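Each chain is listed here by its residues.
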Amino acid sequence: ATERTLSIIKPDATSRNLTGKINAKFEEAGLRIIAQKRIKLTKAQAGTFYEVHKERPFYDELCDFMASGPVVVQVLEGEGAIAKNREVMGATNPAEAAPGTIRAEFAESVGENSVHGSDAPETAAVEISYFFAGIELVG
Ligand code: CMP
């Protein structure tokens, strides 16, 4: 089925001018970028977005990092977009990411891992609505 997923190009990637290279990976995989904006999150906004991780030991560090510079938030659409995006991103830890994936090529560490992608249809819906109004999604 056609799905939509929320993607974030993280501060480690925007700071190294990798937005275009990362978007090319998505488009080459058949994902369409149907909404996109560059924003700077506050730590509180990052904290709300990553609320499910708030008991994790890395939560504070994660929120500081996500607020440390610009991010590009985007909605990707395509057949099986959630799984496809996760495939293109590669494993969370770049040391374990398959060759050719975004994290294998660009990520610096498990924390500064260049991209985020929703992990399921329910979280995708919540995450998309955190950043975008329906009128901004142009499929
Ligand atoms: P992401 O897909 O954005 O979802 C949660 C993020 O937490 C994850 O990618 C990683 O960047 C980050 N994360 C996961 N494990 C660790 C860790 N051990 N140390 C720091 N950050 C982590």
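Residues numbered from 1 in each chain as written. Predicted model: local features only at pLDDT ≥ 70, side-chain atom pairs only at ≥ 80, totals over all residues. Heavy atoms only, no water.

By the naming in an unreviewed UniProt entry, the chain goes by Nucleoside diphosphate kinase and is assigned to Psychromarinibacter sediminicola. Turning to the chain, the UniProt annotation filed under Sequence similarities (unreviewed entry) states: "Belongs to the NDK family." (UniProt positions renumbered as here; feature names shortened; annotations may be inferred.)

Asker: Mind showing me how you'd approach the UniProt feature "domain: Nucleoside diphosphate kinase-like" (unreviewed entry) in the chain here?
Answerer: When the UniProt feature table is mapped to this numbering, "domain: Nucleoside diphosphate kinase-like" (unreviewed entry) covers residues 2-139. Structurally, residues 2-139 is divided into 39% helix and 20% strand, and its ends, taken at the C-alpha atoms, are 11 Å apart. (Helix = DSSP H or I, 4+ residues; strand = E, 2+ residues; numbered from the N terminus.)

Asker: What should I look at first to understand the confidence of the model for the chain in this one?
Answerer: The predicted structure's coordinates, where accompanied by low pLDDT, should not be read in detail. Scored by pLDDT, the chain has a mean of 98; 100% of the residues are at 70 or more. Of the two predicted TM-score estimates for the complex, the pTM is 0.98 and the ipTM is 0.94. (pLDDT = per-residue confidence, 0-100.)

Asker: Would you take a moment to explain the packing of aromatic side chains for this structure?
Answerer: Where two aromatic rings form a pair, the distance of their centres and the angle of their planes describe that pair. Counted under the stated rule, the structure contains 4 aromatic pairs. Consider the rings of Phe-49 and Tyr-130, whose centres lie 6.0 Å apart with planes at 40°: the pair is tilted. Placement of the pair is Phe-49 in helix H3 (residues 43-49) and Tyr-130 in helix H7 (residues 121-131), with a sequence separation of 81 residues. Taken together, a centroid distance of 5.0 Å and an interplanar angle of 80° make the contact between Tyr-130 and Phe-131 edge-to-face. For Tyr-130, a relative accessible area of 34% gives the class partly exposed. The exposure class of Phe-131 is buried, given its relative accessible area of 10%. Each member of the aromatic cluster is reached from another via a ring pair, and the members are Phe-49, Tyr-50, Tyr-130 and Phe-131. (Phe/Tyr/Trp six-rings, centres within 6.5 Å; stacked < 30°, edge-to-face > 60°. Buried < 20%, exposed > 50% of the residue type's maximum accessible area, 1.4 Å probe, protein only.)

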